[in-house]
Amino acid sequence: MDRTITVKVNGREYERSVEPRLLLSDFLRHEIGLTGTHVGCEQGVCGACTVLVDNEAVRSCLLFAVQTNGREVATVEGLGAGPQQMHLIQHGFWEAHGLQCGFCTPGILMSLVPFLEQNPDPTEKEIRDLLSGNICRCTGYQKIVEAVQLSARLIQEKSS
Amino acid sequence: MKPAAFDYFAPRTQAEALDLLASYGDDAKLLAGGQSLVPTMNFRLAQPAALIDLNGIDELFFIREDKSGLRCGAMTRQRSVERSALVRRAAPLLHEAMPHIAHSQIRNRGTIGGSLAHADPAAELPALAVALDARMYVRSVTDTRWVAARDFYVGLFTTAMLPEEMLVEVAFPTLPPGSGWAFDEVARQHGNYAMCGAAAVVGLDGGGAVEDARLVFLSVGEGPVEAKRAADLLIGERPTETAIRAAAATAATQDIDPVGDIHAGPAFRRHLSRTVAERVLSKAIEKAAEAGRH
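Residues numbered from 1 in each chain as written. Chains lettered and ligands numbered in written order. Predicted model: local features only at pLDDT ≥ 70, side-chain atom pairs only at ≥ 80, totals over all residues.

- As recorded by an unreviewed UniProt entry, chain B carries the name Xanthine dehydrogenase family protein subunit M and is attributed to Caldilineaceae bacterium SB0661_bin_32.

Shown next, in the form of structure tokens:
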């Protein structure tokens, strides 16, 4: 039996009628058309579908959309309005070439938003621990680590 | 793949959840953090007729201390346990081991009770619960009972709970003064399931001999495996390097009977067990000796 849910995504409220078995990842992509959240493994391993629910990074393939009723979800679409208005983390990734094919990038960016809020000056080990939850098959991670370091610097410079 | 259809319930109280569980029994699954259950549903390995979502039951989310030790509500997020100053003080072994559990994005959602009740032999929390002599508080519509962690795990993904019972709380007794502890594991990549891991808790007497020892493995059996022969070998002895090595060897050869999988064969698992046991026993003993000097 379908349920009516109201979810705030990137600041905008959406009301939809959904089957309880609908995953949050599919809700975001198919019901409200936000395809920036990528679906890789659907078993919580790859991290591509990571989004924020109430400002915490979680796997959207391991949550049912009904569970986000009344909650706030943030996806990669909410980070920057376009190439001229990128989030500082996106800017860091662009500048340091922290991606190749880009499939894993939305999940990485969303993992990084709360991480860099809580750890403004992370060590390389902390960065690598965080990134262990996001699988990238292109880069070998070195450029991603450098992009995170640059992002942290950009955020610190802006706030000082 | 996508999950099969199910009836969804989101009770607000334990009593409502238990009523639902009593009427559906084995046809229902309790949804805690969902970090193990939802993947199995996505693959349709699990197709419960009813899903009882516990995330709206506020009374299951708590960390508090009483005179006997630390108490955690079953729905307490693993991330909350990891970050709790109270856990750090009252159950430092638990605090130290939390970052080994999967990734932060999983711990944000995963719960302490969900992992304990799921009884995955490769999971950290069941082994920690046995090592810390934790007790599980289990409820059904008609009954409540406490079950010691070492009696809770009865087989592969199997606990002593009945289909109509729900884990609502776990209690970790305070370790006696002068205790030392350690946790370690070996995984191919940080955050992956470990090929072998172990928790040790050791108490020394005034003379520096081992008074009490517990060594518990994960990922080498059908559940958490307590290395009783190894512990018996240490108790009453002075914990020299030779004694620790002998205990670790006994643990790896006599206390466990690992089976192989694609990640590690039985011989390699025994090898890892010996190494990990040596490490955690040495560290626990070192900590106990330090505690004794203060």
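Read on, since the account is not over.
## Concerning the overall build of chain B
- When its secondary structure is counted, chain B shows 12 helices and 14 strands.
- Here the C-alpha atoms of chain B give a radius of gyration of 19 Å, agreeing with the 19 Å that 2.2 N^0.38 yields for 294 residues.
- Overall, the C-alpha framework of chain B stretches about 60 × 45 × 30 Å when taken along its three principal axes.
- Restricting the contact set of chain B to residue pairs at least 6 apart, pairs at least 24 apart contribute 65%. (Helix = DSSP H or I, 4+ residues; strand = E, 2+ residues; numbered from the N terminus. Rg over C-alpha atoms; globule rule 2.2 N^0.38 Å. Contact = placed C-beta atoms within 7 Å.)

## Thoughts on the sheet that holds strand E2 (residues 28–31) of chain B
All names here are of chain B.
- Judged by pairing direction, the sheet is parallel, and its 3 strands sit side by side in the order E1-E3-E2 without closing on themselves. Pairing within the sheet leaves two strands with one partner each, and these edge strands are strand E1 (7–9) and E2. Sheet twist, expressed as the mean angle between neighbouring strand axes with direction ignored, is 20°.
- Relative to strand E3 (residues 50–53), E1 is paired through 3 bridges, and the arrangement is parallel. (Pairing = 2+ DSSP bridges. Axes fitted to C-alpha atoms, helices over the stretch in contact; angles between N-to-C directions.)

## A few points about the nonpolar core
- B:Leu93, B:Leu128, B:Ala199, B:Ala200, B:Leu215, B:Ala277 and B:Leu281 are the most contacted members of the largest nonpolar core, which totals 140 residues.
- Contact partners of B:Ala200, with chain neighbours within four places excluded, come to B:Ala131, B:Trp181, B:Ala182, B:Arg214, B:Leu215, B:Val280, B:Leu281 and B:Ala284. (Core = buried A, V, L, I, M, F, W, Y, C linked by C-beta atoms within 7 Å. Buried ≥ 20, exposed ≤ 12 C-beta atoms within 10 Å, placed from the backbone.)

## A few points about helix H2 (residues 88–95) of chain A
Residue and element names in this part refer to chain A.
- Among the residues of H2, Leu88, Ile89, Gln90, Gly92 and Phe93 are the ones counted as buried.
- Turning to H2, the residues buried within the fold contact helix H3 (105–118) and helix H5 (142–159).
- Just downstream of H2 lies His97, where phi reads positive at about 55°.

## Brief notes about the domain arrangement of chain A
Residues and elements named next belong to chain A.
- Each assigned domain of chain A is listed here: domain 1 (3–78) and domain 2 (83–159).
- Between domain 1 and domain 2, the C-alpha centre-to-centre distance is 21 Å.
- In this complex, domain 1 contributes 14 residues to the contact, which on the side of domain 2 involves 12 residues.
- Those elements that place two or more of their residues in the side of domain 1 that touches domain 2 are strand E3 (50–53) and strand E4 (56–59).
- Looking at which element gives the most residues to the side of domain 1 that touches domain 2, the answer is E3, with 3 residues. (Domains from an automatic or database assignment.)

## Quick word on the domain arrangement of chain B
- The assigned domain composition of chain B is domain 1 (7–54), domain 2 (62–173) and domain 3 (179–293).
- Placing a centre on the C-alpha atoms of domain 1 of chain B and another on those of domain 3 of chain B gives a separation of 36 Å.

## Section: the sheet that holds strand E13 (residues 210–218) of chain B
All names here are of chain B.
- Taking strand neighbours across the sheet as the criterion, the 4 strands line up as E11-E12-E13-E14 in an open arrangement whose pairing is antiparallel. Edge positions in the open sheet fall to strand E11 (179–186) and strand E14 (225–226), since each of these has one partner strand only.
- By the bridge criterion, 8 bridges tie E11 to strand E12 (residues 196–204) in an arrangement that is antiparallel. Its bridge partner being in E12, Trp181 is matched across the sheet by Val201.

## Considerations on the packing of helix H11 (residues 241–255) of chain B against helix H12 (residues 266–293) of chain B
Residues and elements named next belong to chain B.
- One way to put it is that H11 packs onto H12 with a least axis distance of 8 Å and a crossing angle of 140°. In terms of orientation, H11 and H12 fall into the oblique class. Helix-helix and strand crossings are classified by hand; for H11 and H12 the assignment is right-handed. Here H11 contributes Ile244, Arg245, Ala247, Ala248, Ala249, Ala251, Ala252 and Thr253 to the contact with H12, which in turn contributes Arg270, Ser273, Arg274, Ala277, Glu278, Leu281, Ser282 and Ile285.
- Across the contact of H11 with H12, the residue classes tally to 9 nonpolar, 3 polar and 4 charged. (Parallel < 35°, antiparallel > 145°, perpendicular 65-115°, else oblique. Left-handed = near helix turned anticlockwise from the far one by under 90°. Nonpolar A, V, L, I, M, F, W, Y, C, P; charged D, E, K, R; others polar.)

## Observations concerning the interface of chain B and chain A
- Contacts between chain B and chain A engage 22 residues on the former and 21 residues on the latter.
- Going through the elements one at a time, helix H2 (37–42) and helix H6 (104–107) of chain B are the ones with two or more residues in the side of chain B that touches chain A.

## Regarding the UniProt feature "domain: FAD-binding PCMH-type" (unreviewed entry) in chain B
- UniProt marks residues 1–177 of chain B with the feature "domain: FAD-binding PCMH-type" (unreviewed entry), using the numbering shown here.
- A helix fraction of 33% and a strand fraction of 24% characterise residues 1–177 of chain B, whose end C-alpha atoms lie 51 Å from each other. (UniProt positions renumbered as here; feature names shortened; annotations may be inferred.)

## Structural notes on unusual backbone geometry
- Look at A:Tyr141: it is not a glycine, yet its phi comes out positive at around 75°.
- Tracing the chain through its elements places A:Tyr141 in the loop between helix H4 (124–131) and H5.
- The exposure class assigned to A:Tyr141 is partly exposed, which follows from the 17 C-beta atoms found within 10 Å.
- Here B:Phe157, not a glycine, exhibits a phi torsion of approximately 50°, which is positive.
- The topology assignment puts B:Phe157 in the loop between strand E8 (153–155) and strand E9 (158–159).

## Things to note about the pairing of strand E1 (residues 3–9) of chain A
Residue and element names in this part refer to chain A.
- Of the pairings in the sheet, the one linking E1 to strand E2 (residues 12–18) comprises 7 bridges and is antiparallel in character. Among the inter-strand pairings, Thr4 is bridged to a residue of E2, identified as Ser17.
- Judged from the 2 bridges that link them, E1 and strand E5 (residues 72–74) form a sheet pairing that is parallel. Along E5, the bridge assignment pairs Lys8 with Glu72.

## A few points about helix H1 (residues 14–24) of chain B
Residues and elements named next belong to chain B.
- Residues of H1 that are buried: Ala17, Leu18 and Leu21. Seen from one end, H1 has its buried residues packed into an arc of 95°, which puts them on one side.
- Against E2, E3, strand E6 (135–139) and strand E10 (166–173) lie the buried residues of H1.
- Just downstream of H1, Gly25 is the residue with a positive phi angle, here 55°. (Arc of directions from axis to C-beta.)

## As for the packing of H3(A) against H5(A)
All names here are of chain A.
- At a minimum axis distance of 12 Å, the contact between H3 and H5 shows a crossing angle of 40°. Put simply, H3 runs oblique to H5. Two packed elements cross with a definite hand, and for H3 against H5 that hand is right-handed. On H5, the residues that touch Ile108, Leu112 and Leu116 of H3 are Ile144, Val148, Ser151, Ala152 and Ile155.

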